[in-house]
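Here's the letter readout for the chains.
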Amino acid sequence: MLVDSHCHLEYEGLVESQDDVLDRARARGVGAFLNISTKQSEWAQVVGTANRRDTVWASVGIHPHNADDHPELTRAELLEATRNARVIGIGETGLDYYYDHSDREAQKRLFRMHISVSRETGLPLIIHTRDAEEDTLAILREEMGQGTFAALIHCFTASAEFGEHVLELGLSISLSGIVTFKNAKDLQAFAKTLPQDRLLVETDSPFLAPVPHRGKTCEPAFVGDTAAFLAELRNEEPDDLARYTTDNFYRLFSKAQRP
Ligand SMILES: [Zn+2]
Ligand SMILES: [Zn+2]
C-alpha cells in the first residue's frame, strides 16, 4: 500500500470526479490520502471530504501565496480548526519567494503561527518552501530552539545542503513527481541519499504529473509512478519502498489511524 501524503482533492481537475479519482488511486494500491488546505475559506470543504471518506485525512493551514489574504487570522482560529478528528496536520505553510504572491513579512508571521500551533497540538507541520532556503532554515532553527515540533518539507526541490540541514533538525522529506523529471538530476542525486526513515511520497495533485503522465492533470494514482521511479533510482524493491514510506506517514501523522 502507498499513501499520497499531499494532494488537493478540492481543486479543479479533481473535485469534479473525486469518486473516480479515488477509485483509480485505490486500484493502484494507494490506500490513504492527505487532503491539503491552502486558505481558510477551503478548510470546511477539505475537512468535509475527509469526514465523508475514511481513507481521506485533512490538514488546515494557509499557503504562503495566500498570506496577504489572511491579515486577521488568529492563532486561536487555527488552533480551533485542528481540533477536528480528521485533521492530522498543519499546513501547508512556509515561504515562497519564487512567486512572491504575498508580502514576505506576512508569510513569515503566518509560518511562525503555524509552528506555534504545531508545537502546542503535536500535529506535524507541512512546509512549502521555494527560493527561500535561508529564511526557512533560520526560522526552523530559531523556533526549534524554543521547543521542538514535528515537520515535513513537502514537494522537496531545494538544495542537498538545505536537505541535510533539515534532516539534522529531525524533519522528514516528501518527494513529488518532480523527481521523475529528466532535468531533475540534482534532486535525483539527493533522493538517492535520503534515509529510509525520513522519506515520504506525494503527488501535490492536480499539479506536477510525474513521467509518463506529464501534461495531464495529476491525480493521486500517479504517486505509484513516483514511487516506482524512486525504488529503481534507490535500488530498492518497490514493496519495501511502499512499506517504509507508509510507515513513515503514520509515524509522522500519528493522529491518523491505519486502515
Ligand atoms: Zn506546496
Ligand atoms: Zn500543495
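The rules we used
Residues numbered from 1 in each chain as written. Chains lettered and ligands numbered in written order. Predicted model: local features only at pLDDT ≥ 70, side-chain atom pairs only at ≥ 80, totals over all residues. Heavy atoms only, no water. Donors = N, O, S within 2.8 Å, 3.2 Å for Na, K, Ca; no water. Tetrahedral: all angles 85-135°; square planar, octahedral: opposite > 155°, others 65-115°. Core = buried A, V, L, I, M, F, W, Y, C linked by side-chain atoms within 4.5 Å. Buried < 20%, exposed > 50% of the residue type's maximum accessible area, 1.4 Å probe, protein only. Contact = heavy atoms within 4.5 Å. Helix = DSSP H or I, 4+ residues; strand = E, 2+ residues; numbered from the N terminus. Axes fitted to C-alpha atoms, helices over the stretch in contact; angles between N-to-C directions. Left-handed = near helix turned anticlockwise from the far one by under 90°. Nonpolar A, V, L, I, M, F, W, Y, C, P; charged D, E, K, R; others polar. Polar contact = N/O pair within 3.5 Å; in protein donor to acceptor, adjacent residues only side chain to side chain.

(A) Main features of the coordination of the zinc ion (ligand 2). Looking at the zinc ion (ligand 2), one finds its protein donor set to be His6 (NE2), His8 (NE2), Glu92 (OE) and Asp204 (OD), positioned 2.1 to 2.4 Å from the metal centre. The site at the zinc ion (ligand 2) holds four donor atoms, and with the angles between them running 87 to 174°, its shape is irregular. Here the donor residues of the zinc ion (ligand 2) are spaced in sequence according to H-x1-H-x83-E-x111-D.

(B) The arrangement of the nonpolar core in detail. Membership of the largest hydrophobic core comes to 74 residues, with the highest contact counts inside it found for Phe156 and Leu175. For Leu175, the contacting residues outside a window of four places in its chain are Phe156, Leu187, Ala191, Leu194, Leu199, Leu200, Val201, Glu202, Thr226 and Leu230. Leu34, Trp57, Ile126 and Phe249 belong to the second largest nonpolar core, which has 14 residues in total.

(C) Examining the coordination of the zinc ion (ligand 1) more closely. Summarising the metal site, the zinc ion (ligand 1) is bound by the protein donors Glu92 (OE), His128 (ND1) and His154 (NE2), whose distances to it range over 2.0 to 2.1 Å. The motif formed by the donor residues of the zinc ion (ligand 1), counted along the single chain, is E-x35-H-x25-H. If you look at the zinc ion (ligand 1) and the zinc ion (ligand 2), they sit 3.5 Å from each other and are both ligated by Glu92. Within this pair, whereas Glu92 is found in strand 4 (residues 87-96), its partner His128 is found in strand 5 (residues 125-130), the two being separated by 36 residues in sequence. According to the relative accessible area criterion, Glu92 is buried, its value standing at 2%. Overall, His128 belongs to the buried group, its relative accessible area being 14%.

(D) Examining the side chain of Thr38 more closely. Along the chain, Thr38 turns up in the loop between strand 2 (30-35) and helix 2 (43-52). The exposure class of Thr38 is buried, given its relative accessible area of 3%. Look past the residues within four positions of Thr38 in its chain and what remains in contact with it is His8, Tyr11, Gly61, Ile62, His63, Asn66 and Glu92.

(E) Focus on the packing of helix 4 (residues 104-121) against helix 5 (residues 133-145). At their nearest, the axes of helix 4 and helix 5 sit 11 Å apart, and the two run at 35° to each other. As for how helix 4 packs across helix 5, the hand of that crossing is right-handed. Across the interface between the two elements, Lys108, Phe111, Arg112, Ile115 and Arg119 of helix 4 pack against Asp135, Thr136, Ile139, Leu140, Glu142 and Glu143 of helix 5. Tallied by class, residues from the contact of helix 4 with helix 5 come to four nonpolar, one polar and six charged.

(F) Region of interest: the environment of Thr82. In this structure, Thr82 sits in the loop between helix 3 (75-81) and strand 4. The residues touching Thr82, leaving out its near neighbours within four places in the chain, are Val60, Val87, Ile90, Val117, Thr121, Leu123 and Lys255. Reaching out from Thr82, the side chain makes a polar contact with the backbone oxygen of Leu79 at a distance of 2.6 Å.

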